[in-house]
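Reading the structure
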Amino acid sequence: MAFCSMICCGKGVDRKKEKGKKQPTWRIFSLKELHSATNNFNYDNKLGEGGFGSVYWGQLWDGSQIAVKRLKVWSNKAEVEFSVEVEILARVRHKNLLSLRGYCAEGQERLIVYDYMPNLSLLSHLHGHHSSECLLDWTRRMNIAIGSAEGIAYLHHHSTPHIIHRDIKASNVLLDSEFQPQVADFGFAKFIPDGATHVTTRVKGTLGYLAPEYAMLGKASESCDVYSFGILLLELASGKKPLEKVNRTVKRSISEWALPLACEGKFDEMADPKLNGKYVEEELKRIILVALVCADNRPDKRPTMLEVLELLKGESKEKLTELENNELFKTLQTVCDDDGITAAEENSDIIKEEKDLKPAKDSEQEKTEDG
Ligand SMILES: Nc1ncnc2c1ncn2[C@@H]1O[C@H](COP(=O)(O)OP(=O)(O)OP(=O)(O)O)[C@@H](O)[C@H]1O
Ligand SMILES: [Mg+2]
């Protein structure tokens, strides 16, 4: 690919005076500078295209590599509003969040500048053109799971203002030179123009990751991010896509595939075959169980990102036992088991919970039909 050869040949100018300097948080770029960095937004520089526009690889005068997101639509909001929004996002700094280097707002153009992530996105390693290289061993996957959870937990609980990501997915988890994850595109919902068409295409594009209440009712909250993160974890552990074709018309979600297997304790069947059996069993089980409670259809049953983080790190034995005994894995067993003697029969609380569930499901459906 022409683009790859450009990176390999690109000689970085290592300026001494830059080295000792504290990196500025962000700055305004001129359109001219970005034109020259990206070879006039050359097609060969294009990294990909998402819901907001195209992303181009570029190199600045000092040799540093950047990724420039050129927004294709911009709402009629005032120019100053764009700057205000971007500056708020630019202030959010965390080792697992892709930080903004700056922006450009000239004429009709709205561009956002990031550091270029040399190992591209998680998507490219799981399903894209890096997938055959099998660069994601288990240690890296565990690191990616915990690191991206840290980034999202920071957005939800520590950043000011608190930020709901709304678009957590494999292409928005970028990997630096050390394969450390950096969550990208947080706060981007702000840049969605009022027009409904754009929103529809976005929803379509990321369908497999959308919490049911968000997909159906458009109700965004932190717990929608938790749901998407659950799907991402399943994808990371299994190498499967969020939605898979069962036949011509039917698609099955990754959680529908994973839940029965988890209930039966068949974790080894769920590991990505590309791992060749090289993984830590306990950790695989932990990731899958955490993922499934995150991807629970009932928002109130999902953990917070802080809880997710604690579980993934395996810090509390008590919490892990609680997780294993989660009703989600027991109730399904009562449905799956053929022999009639079920875990639920030994525990009347679980049967009660199961009964309690029904009205909740019905009312959710009613709401959907109304909406
Ligand atoms: N800083 C970066 N370094 C390397 N690759 C990047 C960078 N930013 C984006 N990309 C890649 O460029 C492509 C386009 O990104 P973009 O964010 O526009 O689309 P997306 O992530 O697929 O969807 P969405 O618009 O919902 O975020 C993606 O494959 C993404 O992983
Ligand atoms: Mg993106």
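None of the values given here were measured: they were computed from a predicted structure.

The next thing to look at is the overall build of the protein chain. Each helix and strand counted, the protein chain has 15 helices and ten strands in total. When the 371 residues of the protein chain are sorted by exposure, 36% land in the buried category. In the protein chain, the share of contacts with a sequence separation of at least 24, taken over all contacts with a separation of at least 6, comes to 63%.

Turning our eyes to something else, we now look at the confidence of the model for the protein chain. For the protein chain, per-residue confidence averages 81 on the pLDDT scale, and 75% of positions sit at 70 or higher. Within the model, the stretch residues 194-205 combines pLDDT values under 50 with eleven contacts to residues more than four positions away or in other chains. In this model, residues 335-371 is a region of pLDDT below 50 whose contacts with residues beyond four sequence positions or in other chains number 27 contacts.

Moving on, we come to the UniProt feature "binding site: ATP" (unreviewed entry) in the protein chain. On the UniProt side, "binding site: ATP" (unreviewed entry) is annotated at positions that read Lys-69 here. Within the secondary structure, Lys-69 is located in strand β4 (residues 65-71). With residues near it in sequence (within four places) discarded, Lys-69 still touches Phe-52, Gly-53, Val-55, Leu-111 and Ile-112.

Right, let's talk about the site of ligand 1 for a bit. In the region of ligand 1, 21 residues are neighbours, and Gly-48, Gly-50, Ala-67, Ser-121 and Ser-171 sit closest. Elements that contribute at least two residues to the shell around ligand 1 include exactly β2 (46-49) and β4. Broken down by element, the residue count for the shell around ligand 1 peaks at three residues, all from β2. Counting only domains with at least three residues in the shell around ligand 1, you end up with domain 1 (2-15 + 27-115) and domain 2 (122-347).

With that out of the way, let us pick up the pairing of β4. Pairing analysis gives seven bridges linking strand β3 (residues 53-59) to β4, with the strands arranged antiparallel. Note that in β4 the partner of Gly-58 across the bridge is Ile-66. Hairpin connection between β3 and β4: a loop of five residues separates the two successive antiparallel strands, and Gly-63 in this loop has a positive phi of roughly 95 degrees. Bridge analysis of β4 against strand β6 (residues 109-115) gives five bridges, and the strand direction is antiparallel. Residue pairing across strands places Lys-69 opposite Ile-112, the latter belonging to β6.

This paragraph deals with the nonpolar core. Ranked by internal contacts, the top residues of the largest apolar core, which has 84 residues, are Leu-233, Ile-288, Val-290, Leu-292, Cys-294 and Val-308. Ranked by residue count, the leading element in this core is helix α9 (residues 222-238), at ten residues. A domain split of this core shows at least three residues from each of domain 1 (2-15 + 27-115) and domain 2 (122-347). Residues in contact with Ile-288, not counting those within four places in the same chain, are Leu-234, Ala-237, Ala-258, Ala-262, Phe-267 and Met-270.

To continue, consider the sheet that holds β4. The sheet built from six strands is open, its strands ordered β1-β5-β6-β4-β3-β2 with mixed pairing. Here the strands that pair on one side only, and so sit at the sheet edges, are β1 (27-28) and β2.

Our focus in this paragraph is the pairing of β6. Relative to β6, strand β5 (residues 100-106) runs antiparallel, the two being bridged by six bridges. Note on β6: the bridge partner recorded for Ala-105 is Arg-110. The hairpin formed by β5 and β6 contains two residues between the paired strands, and Gly-107 there has a positive phi angle of roughly 55 degrees.

A few words now on the packing of helix α11 (residues 281-294) against helix α12 (residues 305-313). Contact geometry for α11 and α12: axes closest at 9 Å, N-to-C directions at 165 degrees. In terms of orientation, α11 lies roughly antiparallel with respect to α12. For the pair α11 and α12, the sense of crossing is right-handed. Along the contact surface, α11 presents Arg-286, Ile-287, Val-290 and Cys-294, while α12 presents Val-308, Leu-311 and Leu-312. Its residues assigned to classes, the contact of α11 with α12 comprises six nonpolar, no polar and one charged.

As a further point, take α9. An α-helical turn contains 3.6 residues, so a residue and the one three or four places further along point in the same direction. The terminal C-alpha atoms of α9, which comprises 17 residues, lie 25 Å apart, in line with the 24 Å expected from a rise of 1.5 Å per residue. For α9, the tally of buried residues reaches 16 of 17 residues, placing the bulk of the element in the interior.

Here we take up unusual backbone geometry. For residues that are not glycine, phi is negative in most cases, and the peptide bond is trans in most cases. Cis geometry is found at the peptide bond from Thr-160 to Pro-161, where omega equals -5 degrees. Within the fold, Pro-161 resides in the loop between α6 (138-158) and β7 (173-175). Unusually for a residue other than glycine, Asn-39 sits at a positive phi of about 55 degrees. As for its position among the elements, Asn-39 is in the loop between α3 (31-37) and β2. Overall, the presence of 15 C-beta atoms within 10 Å leaves Asn-39 in the partly exposed class. Even without being glycine, Asp-185 reaches a positive phi, approximately 65 degrees. If you trace the backbone, Asp-185 turns up in the loop between β8 (181-183) and α7 (196-205).

The rules behind these values
Residues numbered from 1 in each chain as written. Chains lettered and ligands numbered in written order. Predicted model: local features only at pLDDT ≥ 70, side-chain atom pairs only at ≥ 80, totals over all residues. Helix = DSSP H or I, 4+ residues; strand = E, 2+ residues; numbered from the N terminus. Buried ≥ 20, exposed ≤ 12 C-beta atoms within 10 Å, placed from the backbone. Contact = placed C-beta atoms within 7 Å. pLDDT = per-residue confidence, 0-100. UniProt positions renumbered as here; feature names shortened; annotations may be inferred. Near = placed C-beta within 6 Å. Domains from an automatic or database assignment. Pairing = 2+ DSSP bridges. Core = buried A, V, L, I, M, F, W, Y, C linked by C-beta atoms within 7 Å. Axes fitted to C-alpha atoms, helices over the stretch in contact; angles between N-to-C directions. Parallel < 35°, antiparallel > 145°, perpendicular 65-115°, else oblique. Left-handed = near helix turned anticlockwise from the far one by under 90°. Nonpolar A, V, L, I, M, F, W, Y, C, P; charged D, E, K, R; others polar. Expected span 1.5 Å × (residues − 1).

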